[in-house]
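Results of the structural survey
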Amino acid sequence: PKSIKVATDATWPPMEMVDTNKQIVGYDIDFLKAVAKEAGVAVVIKNTAWDGIFAGLDSGQYDAIISSVTITKERQAKYDFTEPYTSIGQILIVPKTNKTAKVIADLKGKKVGAQIGTTGAMEIKKVTGVELKTYDEIGLAFEDMAAGRIFGVVCDEPVAAHFALQKKEYKDKFKIVGKSFTKEAYGIVVKKGNKDLVALLNKGIKAVKAKKLDTKIHTKWVK
Amino acid sequence: MQENSRLMIEAREVSKFYGAFQALKNVSFSVRDGEKVVIIGPSGSGKSTILRSINRLETIDRGTIIVDGMDVSDPKVDICKVREEIGMVFQSFNLFPHKTVLENLTLAQTVVRKRNRREAEQIALELLKKVGIAEKAAAYPAKLSGGQQQRVAIARSLAMNPKAILFDEPTSALDPEMIGEVLDVMKNLAQEGMTMVVVTHEMGFAREVADRVIFMDHGQIVEEGTPEHFFTSPDHERAKLFLSQIL
Amino acid sequence: MQENSRLMIEAREVSKFYGAFQALKNVSFSVRDGEKVVIIGPSGSGKSTILRSINRLETIDRGTIIVDGMDVSDPKVDICKVREEIGMVFQSFNLFPHKTVLENLTLAQTVVRKRNRREAEQIALELLKKVGIAEKAAAYPAKLSGGQQQRVAIARSLAMNPKAILFDEPTSALDPEMIGEVLDVMKNLAQEGMTMVVVTHEMGFAREVADRVIFMDHGQIVEEGTPEHFFTSPDHERAKLFLSQIL
Amino acid sequence: MSKNPTSHTPIDVGDGAAIPNKNDAGLFTAWRIAFFGAIFVSLYLAFGKSDPYYEIFKFVPDGILVTFKVTFGAILLATCIGLITGLGRISDNRFINGAASLYVEVIRGIPLLVQIFYIYYALGRFVKIPDMLSAIIAMAVCYGAYMGEVFRAGIQSIPKGQMEAALSLGMSRGQAMRQVILPQAFKVVLPPIGNEFIALLKDSSLVSILAVSDLLRRGREYASETFSYFETYTVIALIYLVMTLFFSKLIGIMEERLNAGK
Amino acid sequence: MSKNPTSHTPIDVGDGAAIPNKNDAGLFTAWRIAFFGAIFVSLYLAFGKSDPYYEIFKFVPDGILVTFKVTFGAILLATCIGLITGLGRISDNRFINGAASLYVEVIRGIPLLVQIFYIYYALGRFVKIPDMLSAIIAMAVCYGAYMGEVFRAGIQSIPKGQMEAALSLGMSRGQAMRQVILPQAFKVVLPPIGNEFIALLKDSSLVSILAVSDLLRRGREYASETFSYFETYTVIALIYLVMTLFFSKLIGIMEERLNAGK
Ligand SMILES: Nc1ncnc2c1ncn2[C@@H]1O[C@H](COP(=O)(O)OP(=O)(O)OP(=O)(O)O)[C@@H](O)[C@H]1O
Ligand SMILES: Nc1ncnc2c1ncn2[C@@H]1O[C@H](COP(=O)(O)OP(=O)(O)OP(=O)(O)O)[C@@H](O)[C@H]1O
Ligand SMILES: [Mg+2]
Ligand SMILES: [Mg+2]
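Residues numbered from 1 in each chain as written. Chains lettered and ligands numbered in written order. Predicted model: local features only at pLDDT ≥ 70, side-chain atom pairs only at ≥ 80, totals over all residues. Heavy atoms only, no water.

1. A closer look at the overall build of chain D
- The helix and strand inventory of chain D stands at 10 helices and 0 strands.
- In sequence order, the secondary structure elements of chain D are arranged as α-α-α-α-α-α-α-α-α-α.
- Within chain D, contacts between residues separated by at least 24 positions form 72% of all contacts whose residues are at least 6 apart in sequence.
- Summed over all atoms, the accessible surface of chain D reaches about 9600 Å², with 67% contributed by carbon and sulfur. (Helix = DSSP H or I, 4+ residues; strand = E, 2+ residues; numbered from the N terminus. Contact = heavy atoms within 4.5 Å. Areas by Shrake-Rupley, 256 points an atom, 1.4 Å probe, with all protein chains shown as cover.)

2. Focus: the interface of chain D and chain B
- Every contact between the two is made by 16 residues of chain D and, on the other side, 23 residues of chain B.
- Counting each side, the surface lost to burial between chain D and chain B is near 1600 Å², with a carbon and sulfur contribution of 63%.
- Contact with chain B buries area across many residues of chain D, yet Glu164, Ser168 and Leu169 of chain D alone supply 35% of it, more than any other trio.
- Inspection of the chain D/chain B interface yields 1 salt bridge.
- As a salt-bridge pair, Arg52 of chain B and Glu164 of chain D come within 2.6 Å of each other at their nearest N and O atoms.
- The tally of links between chain D and chain B comes to 4 residue pairs in polar contact (both at pLDDT 80 or more).
- Elements supplying a minimum of two residues to the side of chain D that touches chain B: helix 7 (160–168) and helix 8 (173–203) of chain D. (Buried area = accessible area lost by both parts, 1.4 Å probe. Salt bridge = Lys/Arg side-chain N within 4 Å of Asp/Glu carboxyl O. Polar contact = N/O pair within 3.5 Å; in protein donor to acceptor, adjacent residues only side chain to side chain.)

3. Notes on the nonpolar core
- Within the largest apolar cluster, 203 residues are counted, with the highest numbers of intra-cluster contacts made by Phe31, Phe54, Ile138 and Phe142 of chain A, Leu210 of chain D together with Leu210 of chain E.
- A per-element tally of this core places helix 10 (residues 229–260) of chain E first, with 15 residues.
- Those residues in contact with Phe142 of chain A that lie beyond four places of it in its chain are Ile93, Val153, Cys155, Phe163, Tyr170 and Phe174 of chain A. (Core = buried A, V, L, I, M, F, W, Y, C linked by side-chain atoms within 4.5 Å. Buried < 20%, exposed > 50% of the residue type's maximum accessible area, 1.4 Å probe, protein only.)

4. A look at the side chain of Lys16 of chain B
All names here are of chain B.
- Structurally, Lys16 can be placed in strand 1 (residues 7–18).
- For Lys16, a relative accessible area of 6% translates into the label buried.
- There is a polar contact of 2.8 Å between the side chain of Lys16 and the backbone oxygen of Thr59.
- Those residues in contact with Lys16, other than ones at most four positions away along the chain, are Phe21, Gln22, Ala23, Leu24, Thr49, Glu58, Thr59, Ile60 and Asp61.

5. Digging into the pattern of salt bridges
- Here the structure, examined in full by the defined rule, presents 61 salt bridges over all chains.
- When the shortest N-O distance is used, the salt bridge between Arg12 of chain B and Glu10 of chain B registers 3.3 Å.
- For the salt bridge of Glu149 of chain E with Arg152 of chain E, the shortest nitrogen-to-oxygen distance reads 3.3 Å. Here Glu149 of chain E pairs with Arg152 of chain E, and both are found in helix 6 (residues 131–156), just 3 residues apart, close to one helical turn. Each member of the pair, Glu149 of chain E together with Arg152 of chain E, is buried.
- Overlapping salt bridges bring together Arg6, Asp68, Lys81, Glu84, Glu85, Arg113 and Lys163 of chain B as one network.

6. So, the site of ligand 1
Residues and elements named next belong to chain B.
- Residues in contact with ligand 1, as listed here, are Tyr18, Phe21, Ala23, Pro42, Ser43, Gly44, Ser45, Gly46, Lys47, Ser48, Thr49 and Glu169.
- Measuring from an oxygen atom of ligand 1, one finds a backbone N or O atom of Gly46 at 3.0 Å.
- A distance of 3.1 Å separates an oxygen atom of ligand 1 from a polar side-chain atom of Glu169.
- Summarising the interface, the protein chains cover 59% of the accessible area of ligand 1, which totals 630 Å² for the free molecule.
- Elements represented by at least two residues in the shell around ligand 1 include exactly strand 2 (21–32) and helix 1 (47–54).
- Per element, the largest residue contribution to the shell around ligand 1 is 3 residues, and it comes from helix 1.
- Tallied by class, the residues present in the shell around ligand 1 amount to 4 nonpolar, 6 polar and 2 charged. (Near = heavy atom within 4 Å. Nonpolar A, V, L, I, M, F, W, Y, C, P; charged D, E, K, R; others polar.)

7. Some points on the sheet that holds strand 2 (residues 21–32) of chain C
All names here are of chain C.
- Across the sheet, which stays open at both edges, the 4 strands sit in the order 2-1-4-5 with antiparallel pairing between neighbours. At either end of the open sheet lies a strand with only one pairing partner, and these are strand 2 and strand 5 (70–71).
- Here 5 bridges tie strand 1 (residues 7–18) to strand 4 (residues 62–67), and the two strands are oriented antiparallel to one another. Paired with Ile9 across the strands is Val67, a residue of strand 4.
- With respect to the sheet, helix 1 (residues 47–54) is in contact with strand 1, strand 2 and strand 4, its orientation differing from that of strand 2 by roughly 60 degrees. (Pairing = 2+ DSSP bridges. Axes fitted to C-alpha atoms, helices over the stretch in contact; angles between N-to-C directions.)

8. Brief notes about the site of ligand 2
All names here are of chain C.
- As a matter of local geometry, ligand 2 sits amid Tyr18, Phe21, Ala23, Pro42, Ser43, Gly44, Ser45, Gly46, Lys47, Ser48, Thr49 and Glu169.
- A distance of 3.1 Å is found between an oxygen atom of ligand 2 and a side-chain nitrogen or oxygen belonging to Glu169.
- Protein coverage of the free-state accessible area of ligand 2, which is 630 Å², stands at 59%.
- Listed by contribution, the elements that provide at least two residues to the shell around ligand 2 are strand 2 and helix 1.
- Here the shell around ligand 2 gets 3 residues from one element, more than from any other, and that element is helix 1.

9. A short note on the side chain of Lys111 of chain A
- Considering the arrangement of structural elements, one finds Lys111 of chain A in strand 10 (residues 111–115).
- Among the polar contacts listed, one links the side chain of Lys111 of chain A to the side chain of Asp131 of chain D, at a separation of 2.9 Å.
- Setting aside residues no more than four positions away along its own chain, Lys111 of chain A makes contact with Glu131, Lys133, Arg149, Ile150, Phe151 and Gly152 of chain A together with Asp131 of chain D.

10. Thoughts on empty space enclosed by the protein
All names here are of chain A.
- Taken as a whole and judged by the stated rule, the model has 10 cavities of 30 Å³ or more.
- When its volume is computed, the second largest cavity comes out at roughly 100 Å³.
- Around the second largest cavity sit 13 residues that line it, and Trp12, Trp50, Ser67, Ser68 and Thr118 are the ones nearest its centre.
- A per-class count over the lining of the second largest cavity returns 3 nonpolar, 6 polar and 4 charged. (1 Å grid on protein atoms, 1.4 Å probe; cavity = no way out; pocket = protein on both sides within 12 Å on 5 of 7 lines; lining within 4 Å. Points joined across faces, edges and corners; volume = space filled by probe spheres on them.)

11. Here we look at the packing of helix 6 of chain E against helix 8 (residues 173–203) of chain E
Residue and element names in this part refer to chain E.
- Across the interface, helix 6 lies against helix 8 with an axial gap of 8 Å and an inter-helix angle of 140 degrees. By the angle between their axes, helix 6 is oblique relative to helix 8. Read as a crossing pair, helix 6 and helix 8 show a hand that is right-handed.
- Here the residues of the contact of helix 6 with helix 8 sort into 18 nonpolar, 1 polar and 2 charged. (Parallel < 35°, antiparallel > 145°, perpendicular 65-115°, else oblique. Left-handed = near helix turned anticlockwise from the far one by under 90°.)

12. Some thoughts on the UniProt feature "transmembrane region" (unreviewed entry) in chain D
All names here are of chain D.
- In the numbering adopted here, UniProt assigns the feature "transmembrane region" (unreviewed entry) to residues 29–47, 67–88, 100–120, 132–151 and 227–247.
- Helix makes up 100% of residues 132–151 and strand 0%, whereas the separation of the span's terminal C-alpha atoms amounts to 27 Å.
- Counting secondary structure, residues 227–247 comes out at 90% helix and 0% strand; the distance between its end C-alpha atoms is 31 Å. (UniProt positions renumbered as here; feature names shortened; annotations may be inferred.)

13. Observations regarding the sheet that holds strand 7 (residues 79–81) of chain A
All names here are of chain A.
- Here we have 5 strands laid out as an open sheet, ordered 5-1-6-15-7, and mixed in their pairing. The open sheet has two edge strands with one neighbour each: strand 5 (42–47) and strand 7.
- Sheet topology note: the strand 7/strand 15 (residues 189–191) ladder contains 3 bridges and is antiparallel. Paired with Tyr79 across the bridge in strand 15 is Lys191.
- Relative to the sheet, helix 1 (residues 27–39) contacts strand 1 (3–8) and strand 5, its axis offset from that of strand 5 by approximately 155 degrees.

14. Concerning the arrangement of the chains
- Among 5 pairs of chains with at least one contact, chains D and E form the most extensive contact set.
- What separates chain C from chain D at the closest point of their C-alpha atoms is a distance of 15 Å, and the two make no contact.

15. Some thoughts on helix 4 (residues 117–130) of chain C
Residues and elements named next belong to chain C.
- End to end, helix 4 covers 20 Å across 14 residues, agreeing with the expected 20 Å (1.5 Å per residue, within 8%).
- Three or more residues of helix 4 are buried, namely Ala120, Ala124, Leu127 and Leu128. Buried positions in helix 4, seen along its axis, are confined to an arc of 100 degrees and lie on one side of it. Along helix 4, exposed side chains directed more than 90 degrees from the buried face belong to Arg118, Gln122, Glu126 and Lys129. (Expected span 1.5 Å × (residues − 1). Arc of directions from axis to C-beta.)

16. Observations concerning unusual backbone geometry
- In this chain, Pro13 of chain A is followed by Pro14 of chain A through a cis amide linkage whose omega measures 5 degrees.
- Of note in this structure, Asn94 of chain B is not a glycine but carries a positive phi near 55 degrees.
- Checked against the element boundaries, Asn94 of chain B lands in the loop between strand 6 (86–89) and helix 3 (101–111).
- Notably, Phe93 of chain C is not glycine yet its phi reads approximately 65 degrees, a positive angle.
- As for its position among the elements, Phe93 of chain C is in the loop between strand 6 (86–89) and helix 3 (101–111).

17. A word on the packing of aromatic side chains
- Enumeration over the complete set of coordinates arrives at 45 aromatic pairs over all chains.
- Ring centres 5.1 Å apart and planes at 35 degrees place the aromatic pair Tyr170 of chain A and Phe174 of chain A in the tilted group.
- Look at Phe174 of chain A and you get buried, because its relative accessible area is 4%.
- Through a chain of ring-to-ring contacts, the aromatic side chains of Phe68, Phe72, Phe197, Phe246 and Phe247 of chain D assemble into a single cluster.
- Sitting over the face of the ring of Phe96 of chain B, Arg156 of chain B holds its NZ or CZ atom 4.4 Å from the ring centroid.
- Here Lys249 of chain E stacks its cationic end above the ring of Trp31 of chain E, 4.3 Å away from the centre of that ring. (Phe/Tyr/Trp six-rings, centres within 6.5 Å; stacked < 30°, edge-to-face > 60°. Lys NZ or Arg CZ within 6 Å of the ring centre and 35° of its normal.)

Quick look at the structure:
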């Protein structure tokens, strides 16, 4: 293919977001562009709500998804992934007033939020006694925690760092506790059986890694 | 006898405007305790307006109206007190359709006069007997004929023991065969000495019952006098014309 | 003369039901070319129903109706063809309110008869002159009096050059002072030899214009005959009773 | 979807009641086909095709409960707000009247989705109340404006003579309102409130953006993990359909009873 | 929010038109306060408090354009669907009538949000069409049902005698419909279509859950990056308010012109 359409949910800073010029930017975007360049294809990026992002792939509205998608068994059963392109982990954020909580299990009997359909949400669900609340956007979970309706948020480590450290209001109120407690790898998602595209993208990823472009991108976006 | 009794209603130089249109022009008249006054006049002459001004269903723009010693035109006067003392009967009956006949009669007694239910119901039943429809006490107004409804409406007024009752064309919405039964009730009331101000086109009633007839036209009182004088030899051309049309 | 002319409308044993209610009971009659037939009868007797069955505004349940050789009761017959030939004038005029008087007359001419606009307008203007309202050609129906509207409706029918016209109480919705102008137009039409079936309560018109009077009651034709005979010595009791009430 | 023009059109043409009219044979048959069809399809999917439909039907029921809670809570609160607003809209007091009118006009000018979101999070800034209650309040504030117009129209539909008769018996305006006008107005507004209820039941799906685990949210959660979007949305749509059709019928029957009882 | 009960209540009480009635002084004043108030607040926020409001106002305008495109596109398409549905609903053909009624009943029984999502993605399975068009089609399919009822009511409001007069002049049913009934019905349905337009303008915010960058979506994008949810939603609400108030006024004026021209 000369050009591929790739969807992203640009509400996941700093991995993917819309800047003030309405450009979709972020770690994933830079990475994807590098991969495309190496693979020799053009990319068109489409901003799509996370909630329907897999449905859109099914219905063929785009060819691939790059949106901080963790490679999981469940997802692999339905979709094909490229090689992992970066690894991160889930991390817990709680209000500063909470002095004791270290892990999700410490919040038994309380509500903990995550974005719908993310690995963060799945991690919370695993802990019995903690009530999961899912949000369309991770930012809304933080808002709800600021309003005192939930007592913890679980999300990707870079996102947490971004939220907790960058917004003044949040910096005063929230804190990251502990270290990331999962080992996850992001991959680019394509429709099941689209072998050619996977191969093409993998070729690009390999080249990017070989040229160490990915570390450059990492230092640019992740503090 | 009424000449000596005290004033029940007194209107002095009353004017009323609807926008630029003057519905009442310096209207003055008075009604003594026990007197029966009939107001007649062509449509749009201001009969309803003056009647409704007496219990402030319409506010007046100039002049004063004193009812039983209370100044209706004074905003500081508690108008509810005035209305407790002055009953009103409407052309369209205005019974409360969601209440039975009995409840129609007891509602204001309990809410306004603060009577207890037993007492209110007793009074109500007596009055229903008086107007001849005791057997309909449990019925809803919709089940009643127009004449029956209007008799209930009169009984509802009486239940408040008013010192006077205002009637605004009480028989105009009735089928001809029902007019008589309502007029009979009104005549009985008159005999018992109730103070009454009646707007009506029933000239027979006016002749028989009225102590005084007031003839209005274009928002003014044109002529005022005994029924004998008014119906036989009215002083004004307009009154003559009106009588020739209506009789 | 009409005795020999050909049949324009022929109804044979026509029955019509509304649910369980039988509105027409074995009605048979015929109208020859050039004949004027007036249908009279009390309200609800089925006059409108039989008239509307002729151009299949109502479908019949039994029997046949033949119009100008076409079987109206046959679903395979193109009913539009029948309706082109048979005009209809309604009690409520039914002019098209969104079209001018002229457009009311030209619409069906261009759409159905496929005349070009010039031709249609010429015909329309002539007919408007004939019914006496040429000056209202550009007006909208709402601006016309009831009598004027009905005359436009007749002209609209005529514009299709019908072989017969059905009138369903054409003057019943009119103020008394306008009835005459419409009847005049109808009388002129009659004189020109138009085949007409008229449901009306205007007995004067029936007497003057009708070749034959049909009297209906309870969905049946009770009596049929010349106006002289019918109005002076009807054979049936019901007809006598009806005439005594209406005259 | 649309407010009906109640007074400024000569002929009153709306987009129809949510509650099918008994005399509308077409819609009536359609109701039956839709209702029993939806139930049949649901059963067929759940037990005939089992996977993943059976799973989905097992996953969402607590969402239905939340949807009910939100709907009933919001309609109750909205009715109260609506009553007050309706009284405000007919008040002679210029300030009260102005405030009520402004509330109606502003609320009706902003999409429900935006409002719900706004009220929910704005509320969170000032008072600590649980999420479900916040969602209910947000819905009720929005629907209160529409209910206000229902009450206004209902009260104004009671003949003027009723108020005059009550006043001339010596009742105060408040007494007359409570004893005479409102009891009659309530009967009049019952059908439109029924309509609002159905509309609210459907719009309650918007609270799913607030992370309230209603029916839609539950479905989205299921779908986002299993990626069976179509199957899930099919089930969600079916459940909503059965619910709204059921309630519209129920309300229709209740109305008939009420009218028959008169 | 609610469908008005058009025929099954003795007194027609709805939750009011989106287009304020000229004779309703309260709402009229409220319109003015709301409209100019919203504009004033917007200007104040943009130029008085500048940060971040100025940024937000700069960020969202292309979303407004998308909202317009979706709204206008959907109302046009919905009008066509509605016309066909309306004709179907009054058809004597049992099958056509049944299909139209079922469409109306099913669509009105499912929340818009669920439908939009469903239609949008279901559509994608079968045909490749751009997202904006898919969103427009999804909205139009939903609104088509409501519009269908508007057209049905509009057509049925034309006296029966009009059709009979046209038929008895020899016109076919189709000719009569086109030449006589529909031109009259269009005038009748214009105000309710205006109402639907306003409702659609607001409901178009629901497409923000799809990959369509409408006003609301733009706002959410901005907010999720800057975390300024409140400021952003305030701006979004203000813009919607100004838009709906503006259009409801415009439609009101157009209607008046139309009536005056008669
Ligand atoms: N609310 C109102 N607004 C404007 N004009 C009014 C109003 N009420 C009454 N009027 C006018 O005031 C005049 C007097 O009205 P009123 O009802 O007192 O007449 P009336 O003598 O009772 O007539 P009728 O015999 O028809 O009842 C009439 O010209 C009427 O049109
Ligand atoms: N659509 C209908 N459904 C049921 N019954 C009907 C219908 N149309 C007419 N009828 C009944 O059929 C009978 C004949 O009606 P039709 O209109 O022909 O009477 P008519 O002689 O024209 O009376 P009128 O002088 O009142 O116009 C009446 O009893 C009427 O009630
Ligand atoms: Mg009067
Ligand atoms: Mg008839």
